[in-house]
Every structure is written in C-alpha cells, then in structure tokens.
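Results of the structural survey
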Amino acid sequence: MAEPTDAVRSRWNELREQVARHNRLYHELDAPEVPDAEYDLLVRELRALESEHPELADVDSPAQAVGGAASATFAPVTHAVPMTSLDNAMDADELRAWADRVARGLDGATARFVAELKFDGLAMSLRYEDGRMVQAATRGDGRVGEDVTANVRTIADVPERLRGDAPEVLEVRGEVYMSTAVFESLNAEYEAAGERPLVNPRNAAAGSLRQKDPAMTAKRRLSFWSYQLGEVVGGPEFAAHADTLDFMRELGFPVNPEVRSFDTIEEVAAYCAEREEHRHDLEYEIDGVVIKIDDLAQREALGFTSRAPRWAIAYKFPPEERTTLLRDIQVSVGRTGRTTPFAVLEPVFVGGSTVSMATLHNEDQVAVKDVRPGDTVIVRKAGDVIPEVVGPVLSMRPRGAKPWVFPTTCPCSIGSTLVRPEGEADTRCVEPACPFQRDQRIIYWASRGAMDIEGLGERTVVQLTEAELVRDVADIYDLTVDQVEALEGFARISAEKLVGSIQASKDRPLPKLLTALGIRHLGPAASEVLAAEFGTLRRVFEASDDDRAAVDGVGPVISAALSAWYDQAPNREFIDRLDAAGLNFGSEEEAAARAAAKAAIEQTLEGKTIVVTGTVPGYSRGEAEEAITSRGGKSPGSVSKKTTALVVGEGAGAGKLTKAEANGTPVVPADRFGELLETGEIPA
C-alpha cells in the first residue's frame, strides 16, 4: 500500500481538527456551527482516508468518537452499559449492504428487523431503582455522561414512579426532544420580545436540558420517547427487542407509535422511503429511521465495532440544512409594493432540490440573523417550504464583512423611495407605476384563486411587459394571437390557446373578479359575501363604508381598503377599461341566482368559524373557503378564540396549529373536510 502523500497527510490533519472541533461544539457546548449533513460529510471523508491509509488511524481519531466529553457544569455519570453511536446508511443501497453484512455475521440465518423513527433530539439515560427514578444522564462520550436529573424531572413524559412490577434496577434509554408546536410558540414569544429566536428544536432541547435552573427547563416544555433498555437487574428475560418495547409501555414509558417490524430489508427500505415522504406530518422532527435486529440472541452474536453495534444502523434522510456561500442580498417587490430581502446563494443541494435563492423575510430578520454578503450561511429547506437562511457560520466570516443595509430606493427602473410605515415590519414601494408591482399584479390576476388564466405565468407576463405589449391587467384583453406568437417560445397553437384562456376569463363570476383586483385585506371569502350583498362590481364600490362594513364577514378594515383603492382616479379608470373589455361585473339576476343556490345548500356551518391551513384534496384554497361560506360558516385566514375548528392539510402552517393547540381548538384532518361540510359536526 502506497505511503500517504504530504497532501493526504495535510488533509487528514485538517479533517481531524475540524471533526474534533465540531464534536465539541455539538456534544459539549450545544452550539453546532454546521448542519449534521456537513458534519457527516467530514466524518465520512476522514474515515475513508483512514481506511485507505490504516497507518493514519489510531484510537484517538475523532472519526471513532461516540460523542463529546461531559461538561464540568454537571456531575459525571459513568454508564453501566456504554451508550454507543450508530453507523449511517445514506441510501437504500447502503441499507442493503448493511443487511448483507448482518446475514454474513449470522452465517446466513434469517433476521427480523424493527424500524423506529430517528428523533432529532438529545439521547438520554434514565435509571430507576425499585421503580423510582434516581438518575438521568446524557450520553456524553458514550462512557461518561452528565447528571441532569433535576432538569429531566420537569419533563411530563418521564415517569417519576413506574407502574406494575418494576425490576430492582432498570435503565431506559430514549430521546429528549422539543415538539415543533412548542418550538414555534417559543420563537413567536422571543421574536415579539425582540430576542434572538431558537435555531432549531434539537439545539433548543439540548440547551434546555443544560440549564442550571430546572425552572428554566420546565418553561421549554420538553418531551421524551423511550426506545431501548440499558442495564436491567432483577427483571424478566426477553427474546426480542419488540418485547422490550411492550415492557417499557407497561411500566408507563412513552414509546413511539410508529415502530414497525419487517421480515425483509426491501420492506424496510420501502418504509424508510414512506417516512421520508411524510416526515413533516409529525409533531416533532425526525432525520431518519433506525433499523435494529429484533432477535436479542442474534444481536449478541453480531456484537459491536469500536464505536457502534453491528446489529443496528441509522438510515439518514437527505439533509434539510446545508452550508453555502451568501453571494449577495437583494430585494424583491410584490404586487402590493411589499419588499422582501432574499439571499443570492452559491447553489447547494438541500431538501431534495438545488437551491440558489432563499428568503430573508424582512429587514428586522436580516438584522437579527446578522447575515452579510460573503458569509458562509446555513440554508434550510423542509419539504415544500420556501428555502430560508437560518444564520451565518460566524467562525467562517471573512474579515471586513459589513452589515447589510436595507436599500432606501426601489430596485425598479423608477427608483422610487421605499417607505416603512411606523409600527410595521414591512418596507414598501409606494409608487403605483413600479414595474415590479405591475408584473406581480398581473401574475396574481391570472392565478387560480383569481381569474384562473391558464398559461399566463410569471415568465409569459415578463415577456409581455418587456415587449411593451402589456402595461397593466386591462391590456391583456387586447392581445392578439399574432402578438403572442411573436414572443419567444410561442407557436401558433400555443398563442391561440393563451388568448383563448384570457378571453374566457371575462366570464368569471363577480367574486373572482373582486379577488383578482388584489385590494389589500380583500380575500375570496369577503369577495363572495360582497358580491352576494350588492350584486354588481360598481354597487360594491359605490356603497357607503358603513353599508359595506355591516355585511357579515367584511367589517370596517376591508370596507376602508375598498374606499381607499377606489378613491384613486387611475383605479377608477382601470375599472372602466375592464368594463369596456366586456368582463362580467355581475348583475341583480346573477346575485339572486347565487343567493338561491346558497339557500338550496343546507346551512350546516351556520354560526361556525372554520379556518383552513394547508392543502385540502379536491379544493383550491378559495374553493375550500367558498364551500364553508356557502354553508353559512365563516372562513377567516387566522385562528382565534372564536374559531370552531382548524382544517389541516399537507403543508399546514405551524403557527396556526400552535394557536389552535393553545386555544383548545379542535383540529380536523383534511381528508375529513367533506364530513365536516356535510354534517356540520366536528369529526371525532
């Protein structure tokens, strides 16, 4: 085997230093600088080097470390049975390779597998003597952990006394974690108080456990899942891991309900893929699946490596956090003039896709996170959520990096002054002629929840405005097939299809037209009741503020917004142009027909307030709200103490769930929305 070159030795030393440093930051200080995925890549590279050049490997290599040294803040605890780490499988092929190694280790004997969710929290050892908890300790370096008994006693899930006939000595291992609802709730409190928010639930849980004052830990409302027995004296004999889980349940420990048993590794791989797809359906964060051999005698035969059991492996999900370079911070402008800072990134694969831009929310968030162009930053993308910048890696900040300053002028060609109204978090461009606002207004007008014009997406809108064929929404109704066909990417058939879709939108009902105007605070539900009450678009605008505000579901804020919009001469001229183009402005007959149709629908939700969050199968957001209001209910956009129920679908907002939980509001799964509409009763 060839001697390692100077370059290899240099990289090996560099990796050892980095891994050791990140081990200490993660396990001892609860202050990791990089996401788990970045750390895993460093460890894998170090192990690969040491495997290729065994002369470089030694017992002190951080690649073989299980955790970190115990903190001096808490008394040390020596584990009677070491708390080892787990090897990782990054994909199904690596999972199958592990199963092959298991089969060889068992001389071809058949193994049964138990799959458990891999919680993103802090490993914990709980020791009981004669059924009473006497000690709680962190994993530490696997041999010696920290005594955090007083803090763990504040966790409601952890039993102080065990039920039934408990062994003389029982050690139960599991994970302390913070639920996503609690995490969101605490961050809302911190942000309201102007304090730095928590980075993620895992760090929040670890930091909470290491508070010197247990009362501070109690305020963090931590939770616990048990998943493994450690030392047992005077207890029953077990043949299978599944039996130990049942035993822990009987004694009063919380055992996760998602544990599954399988006969083949292909079944395990399918389960891992399923859990990955639905990882955000849970009330807590997971980053993988732990697979164990069920038969305890087979475990004994397989044994351990220097750092991990051969009978278990962690299947890791693709990372949802990665580090990358923040090239620049720029500002986008929405249809209402609201400006949003966003990060221009060195492209990075995270959350299942390559990300090159991420939101920074608003001026205050940029200041709180203190991210600067040139920083190495942590980027998070979870599921379908818009990518966001979590924060900078301060140790990698280049010298001379200056804090980013929010611009004072709009990035549009007009360059109008940006204004931040007193008491608001958003900065706005107040120039109605801003081309960015114009483009976004047209895009919103064509969206499914508004006029639903197929084919008129962002790319086409920009083409039309840059070609000066469209100056505002009304202009789209004058477009010809020849004009559209001349645009890049269009042929005769596609141009005819787009123009046909635009012309067909003229017949959309009045509530859709009202929504499409994009007036601040005016959504589909209020548009529906306004159309039903006043019948025509002009009567909606010509009604007095008091008359509009008196309509159930409208109120003074929406009514004032309508007046403010219509008081502007360009907007009244815009309405006249839409009228001339032949759009449906409604009629008394149409309003009467809608009222009759509504009367024919059983008012099952009369007096009830139903909030919808996430995707409801078979409905757009506007259609779901319309289904509620047509049955006599209200469907506002936020949860309050008056909310009757919260309908929760895929991609639901954590904020609404947190409020519902705090208010004791019933939660209805999206797949039971039809039952709610039909009966008006909250499904059990």
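Preceding block: the structure.
Let me sum up the structure you'll find in this document. (Residues numbered from 1 in each chain as written. Predicted model: local features only at pLDDT ≥ 70, side-chain atom pairs only at ≥ 80, totals over all residues. Heavy atoms only, no water.)

Details of the overall build of the chain
Across its full length, the chain holds 25 helices and 21 strands. Here the C-alpha coordinates of the chain stretch approximately 85 × 65 × 50 Å along the principal axes. For the chain, buried positions account for 49% of its 684 residues. Across the chain, the fraction of contacts at a sequence separation of at least 24, relative to all contacts at a separation of at least 6, is 67%. Here the chain has roughly 32400 Å² of accessible surface; of this, 50% comes from carbon and sulfur atoms. Taken as two groups, the 76 positive and 112 negative side-chain charges of the chain have centres that lie 3 Å from each other. (Helix = DSSP H or I, 4+ residues; strand = E, 2+ residues; numbered from the N terminus. Buried < 20%, exposed > 50% of the residue type's maximum accessible area, 1.4 Å probe, protein only. Contact = heavy atoms within 4.5 Å. Areas by Shrake-Rupley, 256 points an atom, 1.4 Å probe, with all protein chains shown as cover. Lys, Arg positive; Asp, Glu negative; His and termini not counted. Charge placed at Lys NZ, Arg CZ, Asp CG, Glu CD.)

Quick look at the sheet that holds strand β20 (residues 645-648)
A sheet is described by the order of its strands in space; here 3 strands give the open sequence β19-β20-β21, paired in parallel fashion. In this open sheet, the two strands that pair with only one neighbour each are β19 (610-613) and β21 (667-669). Going from strand to strand, the sheet's axes swing by 25° on average, the running direction of each strand aside. As defined by bridge partners, β20 adjoins β21 across 3 bridges and the pair is classed as parallel. Residue Val648 lies in a different strand from β21, and its bridge partner there is Pro669. (Pairing = 2+ DSSP bridges. Axes fitted to C-alpha atoms, helices over the stretch in contact; angles between N-to-C directions.)

Structural notes on unusual backbone geometry
Phi is positive for Asp130, close to 55°, though the residue is something other than glycine. For Asp130, the position within the fold is in the loop between β4 (122-129) and β5 (132-138). On the accessibility criterion, Asp130 (62% relative accessible area) is exposed. Although it is not a glycine, Asp452 sits at a positive phi angle of roughly 50°. As for its placement among the helices and strands, Asp452 is situated in the loop between α12 (435-446) and α13 (458-466).

Some thoughts on α13
By the burial criterion, the buried members of α13 are Thr460, Val461, Gln463, Leu464 and Thr465. Phi turns positive one or two residues past the end of α13, at Glu468, with a value near 60°.

Some thoughts on the environment of Thr376
Examined against the element boundaries, Thr376 turns out to sit in strand β15 (residues 376-380). The exposure class of Thr376 is buried, given its relative accessible area of 14%. Each C-alpha atom of the pair Thr376 and Ala166 lies 52 Å from the other, and the pair is 210 residues apart in sequence. Setting aside anything within four residues of it in sequence, one finds Thr376 in contact with Thr323, Thr324, Pro392, Val393 and Met396.

Describing the sheet that holds strand β10 (residues 286-293)
The 5 strands are arranged β2-β11-β10-β3-β9 in an open sheet whose pairing can be described as mixed. A strand with exactly one partner marks an edge of an open sheet, and here the two such strands are β2 (88-89) and β9 (260-262). Pairing of strand β3 (residues 113-119) with β10 involves 7 bridges; the strand directions are antiparallel. Among the inter-strand pairings, Val114 is bridged to a residue of β10, identified as Lys292.

Structural notes on the packing of α12 against α13
α13 packs onto α12 with a crossing angle of 135° between their chain directions and a minimal axis gap of 10 Å. Judged on the interaxial angle alone, α13 and α12 are oblique. Relative to α13, α12 is oriented so that their crossing is right-handed. Each of Arg438, Asp439, Gln440, Ile442 and Ile443 in α12 lies in contact with α13, whose residues at this interface are Glu458, Val461, Val462 and Thr465. Split into classes, the residues belonging to the contact of α12 with α13 amount to 4 nonpolar, 2 polar and 3 charged. (Parallel < 35°, antiparallel > 145°, perpendicular 65-115°, else oblique. Left-handed = near helix turned anticlockwise from the far one by under 90°. Nonpolar A, V, L, I, M, F, W, Y, C, P; charged D, E, K, R; others polar.)

Remarks on the environment of Val289
With respect to the element layout, Val289 can be found in strand β10. Sequence separation of Val289 and Asp579 is 290 residues, and the distance between their C-alpha atoms is 59 Å. Excluding residues within four positions of it along the chain, Val289 makes contact with Ala115, Glu116, Leu117, Lys118, Tyr271, Cys272, Arg275, Ile313, Ala314, Tyr315 and Phe317.

Notes on the pattern of salt bridges
One pass over the structure, following the stated rule, counts 39 salt bridges. Two residues, Arg492 and Asp482, come together in a salt bridge whose shortest N-O distance is 2.5 Å. Of this pair, Arg492 sits in helix α15 (residues 492-504) while Asp482 sits in helix α14 (residues 481-485); the two residues are 10 residues apart in sequence, bridging distant segments of the chain. Since its relative accessible area comes to 37%, Arg492 is described here as partly exposed. Here Arg672 ties to Glu675 by a salt bridge, and the two come within 3.0 Å at their closest N and O atoms. Overall, the relative accessible area of 27% leaves Arg672 in the partly exposed class. We classify Glu675 as partly exposed; its relative accessible area is 34%. A cluster of three or more residues bridged by salt bridges with shared partners is formed by Asp370, Arg372, Asp375 and Arg397. (Salt bridge = Lys/Arg side-chain N within 4 Å of Asp/Glu carboxyl O.)

Observations concerning the packing of helix α3 (residues 92-105) against helix α9 (residues 265-277)
Between α3 and α9, the shortest axis-to-axis distance is 10 Å and the interhelical angle comes to 150°. Compared by their axis directions, α3 and α9 come out roughly antiparallel. Regarding α3 and α9, the two cross each other, and that crossing is right-handed. Contacts from Ala92, Leu95, Arg96, Trp98 and Ala99 in α3 reach Ile265, Glu266, Val268, Ala269 and Cys272 in α9. In terms of residue class, the contact of α3 with α9 is made up of 8 nonpolar, no polar and 2 charged.

Thoughts on the pairing of strand β12 (residues 321-333)
Bridge count for β12 against β15 is 5 bridges, and the pairing is antiparallel. Counterpart to Arg322 in the pairing with β15 is Val379. As defined by bridge partners, β12 adjoins strand β13 (residues 338-350) across 7 bridges and the pair is classed as antiparallel. The partner of Val333 across the bridge, within β13, is Thr339. Hairpin connection of β12 to β13: 4 residues between the antiparallel strands, including Gly337 at a positive phi of 90°.

What about the environment of Phe238?
Note on placement: Phe238 falls in the loop between β8 (223-233) and α8 (241-251). Sequence spacing of Phe238 and Ala297 is 59 residues, and the spatial spacing of their C-alpha atoms is 9.6 Å. Setting aside its immediate chain neighbours within four residues, Phe238 contacts Leu229, Asp243, Thr244, Phe247 and Leu296.

A few points about a negative patch on the surface
There is a patch of like negative charges on the surface, built from Glu274, Glu277, Asp281 and Glu650. Mapped onto the fold, Glu274 is located in helix α9. (Patch = residues over 30% accessible without salt bridge, like charges linked within 9 Å, V, L, I, M, F, W, Y side chains within 5 Å.)

Here's the deal with the packing of aromatic side chains
Within this structure, the stated rule accounts for 16 aromatic pairs. Relative to Trp225, the ring of Phe119 lies with its centre 6.1 Å away and its plane at 25°, an arrangement referred to as stacked. One end of the pair, Phe119, is in strand β3; the other, Trp225, is in strand β8, with 106 residues separating them in the sequence. Of the two residues, Phe119 and Trp225, neither departs from the other in class, the shared state being buried. Cluster of aromatic residues (ring-pair linked, three or more members): Phe119, Tyr177, Trp225 and Tyr284. Note that Arg335 overlies the ring of Tyr444, its terminal NZ or CZ placed 3.8 Å from the centroid. (Phe/Tyr/Trp six-rings, centres within 6.5 Å; stacked < 30°, edge-to-face > 60°. Lys NZ or Arg CZ within 6 Å of the ring centre and 35° of its normal.)

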